[in-house]
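Per-entry structural report
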Amino acid sequence: MFALALIACDDGSGAPGPRIDRVAPDPVLPGTTLSIHGEGFGDGPGARDGAALGGRPLPTLAWGSARLLFEVPADVPAGAALLVLHAGGRPLEPWPVTVGGDGRFPASPTAPAPSTAEADAFPDPADGGPTPNADAARFPDVRLPDATLQGATATFTPDDLPAVGTVLVAVDSPPGTLTLEVRASPGLWGQAFHLTYDPNLLQFVSAAPEPDLAGAARHWSLPTPGRLLYGGLDPGAGEAVLRVRFAAIGAGEGRVDLPARTASARTAGNRPVADWPFVGGSVRVEVEP
């Protein structure tokens, strides 16, 4: 019950600074203009400011404090994508956008797995094949090994901040995959967070430990590709809070984040901790020519 309560953290944000209110058009077509409306973008982009869609950098057409215009490259794949904006010297929470054109999986971030009735409308393959993994029904994001890019290398770079609070750390992982551990500094009783990633670059494979509401209670779930929810008690000194493995499915750059506005840290007595850092980073997926 504790873990489930922690996951229900506020998704709104009253924090000052740049924010996105809406993106238009949605869906957007490759080769057209994408407009971002909001506040606090500044009169012009800083040295590190800009945007990327599905891991593809977007050329800047116009920059104003409340409206930004970007060119969508003609080769951006159709389907669900995350818009990553860096404005005012900091990254904003990724914004889901649909790219029109010829679709590819997933058609949308909330698309359910095909039903049995839909599956029955198609003939079985000649060899019958193995029984589908039960996890595919719980997590529509699981489509391995076919989705893994041959020769892909995923590199994670944490944000250039002190490694205190709750942070992401890359650990050894098989070729074509990226494994990240969520680690926390001492002093917490429990915490909850959303781990967000670009589903056009990375695909969820597994997470450990498994949800367990006994002992060091924890619960995690993947409601949509691109977002994992976690809530749990402190696992103990020196132990990772969670280990998550992804498959590299698309070349480009993006973010893996623990957004502060959807995170909560607690000390003994379930008292909230003010200003507990939640630190994410950037990921680059490259494919050998």
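Conventions and cut-offs
Residue numbers restart at each chain and count upward from 1, following the sequence in its written direction. The predicted nature of this model means local features are confined to residues of pLDDT at least 70 and side-chain atom pairs, given and counted, to a pLDDT of 80 or more, with totals for whole chains, interfaces and linings taken over all residues. Hydrogens and water molecules were not included; the side-chain quantities draw on all heavy atoms of the structure. Under the DSSP-based scheme used, a helix requires at least four consecutive residues in state H or I and a strand at least two consecutive residues in state E, with every element numbered from the N terminus. Classification of residues uses two cut-offs on accessible area relative to the type maximum, computed with a 1.4 Å probe and protein chains only: under 20% is buried, over 50% is exposed, and between them is partly exposed. We get accessible surface area from the Shrake-Rupley algorithm with a probe of 1.4 Å; when it comes to residues, only the shown protein chains can shield them. What makes two strands pair is DSSP finding at least two bridges between them. Simply put, an axis is a line fit to the C-alpha atoms, just over the touching stretch for a helix, and the angle between two N-to-C directions goes from 0 to 180 degrees. Definition of nonpolar core: a set of buried residues of the types Ala, Val, Leu, Ile, Met, Phe, Trp, Tyr and Cys, connected through side-chain atoms within 4.5 Å. The contact criterion used throughout is that any non-hydrogen atoms of two residues lie within 4.5 Å. Per-residue confidence from the predictor is reported as pLDDT, a score between 0 and 100. Any Phe, Tyr or Trp ring, taking Trp's six-membered ring, that has another such ring centre within 6.5 Å forms a pair; planes under 30 degrees apart are called stacked, those over 60 apart edge-to-face, and the others tilted. Polar contacts, as used here, are pairs of N or O atoms within 3.5 Å; protein pairs need one atom able to donate a hydrogen and one able to accept it. Residues neighboring in sequence count only if both atoms are side-chain atoms.

1. Remarks on the overall build of the protein chain
Along its length, the protein chain carries three helices and 22 strands. Out of the 289 residues belonging to the protein chain, those deemed buried represent 42%. Of the roughly 14600 Å² of accessible surface on the protein chain, a fraction of 55% belongs to carbon and sulfur atoms.

2. Section: the sheet that holds strand 2 (residues 33–39)
With respect to topology, four strands assemble into an open sheet ordered 1-2-6-5, the strand pairing being antiparallel. Bordering the open sheet on either side are strand 1 (19–24) and strand 5 (60–63), each of which pairs with just one other strand. Looking at each pair of strands side by side, their axes are set apart by 20 degrees on average, direction ignored.

3. Considering the sheet that holds strand 11 (residues 166–171)
Strand order in this open sheet of five strands is 14-17-12-11-21, and the pairing throughout is mixed. The two strands at the open ends of the sheet, each matched to only one other strand, are strand 14 (202–208) and strand 21 (278–279). Both strand 14 and strand 17 (residues 242–248) contribute to a ladder of six bridges, which runs antiparallel. Bridging across to strand 17, Ala207 finds its partner in Val244.

4. Side note on the nonpolar core
One finds Leu195, Leu202, Leu228, Leu242 and Val256 to be the most contacted residues of the largest nonpolar core, which totals 32 residues. Elements supplying a minimum of two residues to this core: strand 10 (152–158), strand 12 (177–184), strand 13 (190–197), strand 14, strand 15 (218–224), strand 16 (227–233), strand 17 and strand 22 (281–287). Per-element tally for this core: the top contributor is strand 17, with four residues. Among residues more than four places away in sequence, those in contact with Leu195 are Leu168, Val182, Gly226, Arg227, Leu228, Val244, Phe246, Val256, Asp257 and Leu258. If you look at the next biggest cluster of nonpolar residues, it comprises 21 residues, including Leu34, Ala51, Phe70 and Leu85.

5. Regarding the confidence of the model for the protein chain
Residue-level pLDDT values for the protein chain average 78, and 76% of them are 70 or greater. The low-confidence segment residues 1–15, where pLDDT is below 50, has 35 contacts with residues more than four positions distant or belonging to other chains. With pLDDT under 50 throughout, residues 103–147 is counted as low confidence; its partners more than four residues away or in other chains account for 42 contacts.

6. A word on the pairing of strand 19 (residues 264–267)
Pairing of strand 13 with strand 19 involves three bridges; the strand directions are antiparallel. Among the inter-strand pairings, Ala192 is bridged to a residue of strand 19, identified as Ser264.

7. Here's the deal with the environment of His219
On the secondary structure map, His219 appears in strand 15. A relative accessible area of 21% means that His219 is categorised as partly exposed. Each C-alpha atom of the pair His219 and Gly232 lies 6.1 Å from the other, and the pair is 13 residues apart in sequence.

8. A short note on the packing of aromatic side chains
In this description, an aromatic ring pair is defined by two values, namely the gap between the centres and the angle between the planes. Counted according to the given criterion, the structure contains four aromatic pairs. Between Tyr197 and Phe246, the aromatic rings sit 4.7 Å apart at their centres with planes inclined by 55 degrees, giving tilted as the arrangement. Residue Tyr197 is found in strand 13, and its partner Phe246 is found in strand 17; the two are separated by 49 residues along the sequence. Phe246 sits in the buried class, given a relative accessible area of 0%.

9. Quick look at the pairing of strand 13
Strand 13 sits mainly inside the fold: eight of its eight residues count as buried. Of the two faces of strand 13, the one carrying Gly190, Ala192, His194 and Thr196 and the one carrying Gln191, Phe193, Leu195 and Tyr197 are both buried. Taken together, the seven bridges between strand 13 and strand 16 define a ladder with antiparallel strand orientation. Note that in strand 16 the partner of Leu195 across the bridge is Leu228. Pairing of strand 13 with strand 18 (residues 252–257), which is carried by two bridges, proceeds in the antiparallel orientation. When the sheet's bridge partners are listed, Thr196 is paired in strand 18 with Asp257.

10. Digging into the side chain of Thr179
Counting through the fold element by element, Thr179 comes out in strand 12. When its relative accessible area of 1% is taken as the criterion, Thr179 is described as buried. For Thr179, the side chain forms a polar contact with the side chain of Arg245, separated by 3.0 Å. The contact partners of Thr179, leaving out residues within four places of it in the chain, are Val169, Ala170, Val171, Asp172, Ser173, Arg243, Val244 and Arg245.

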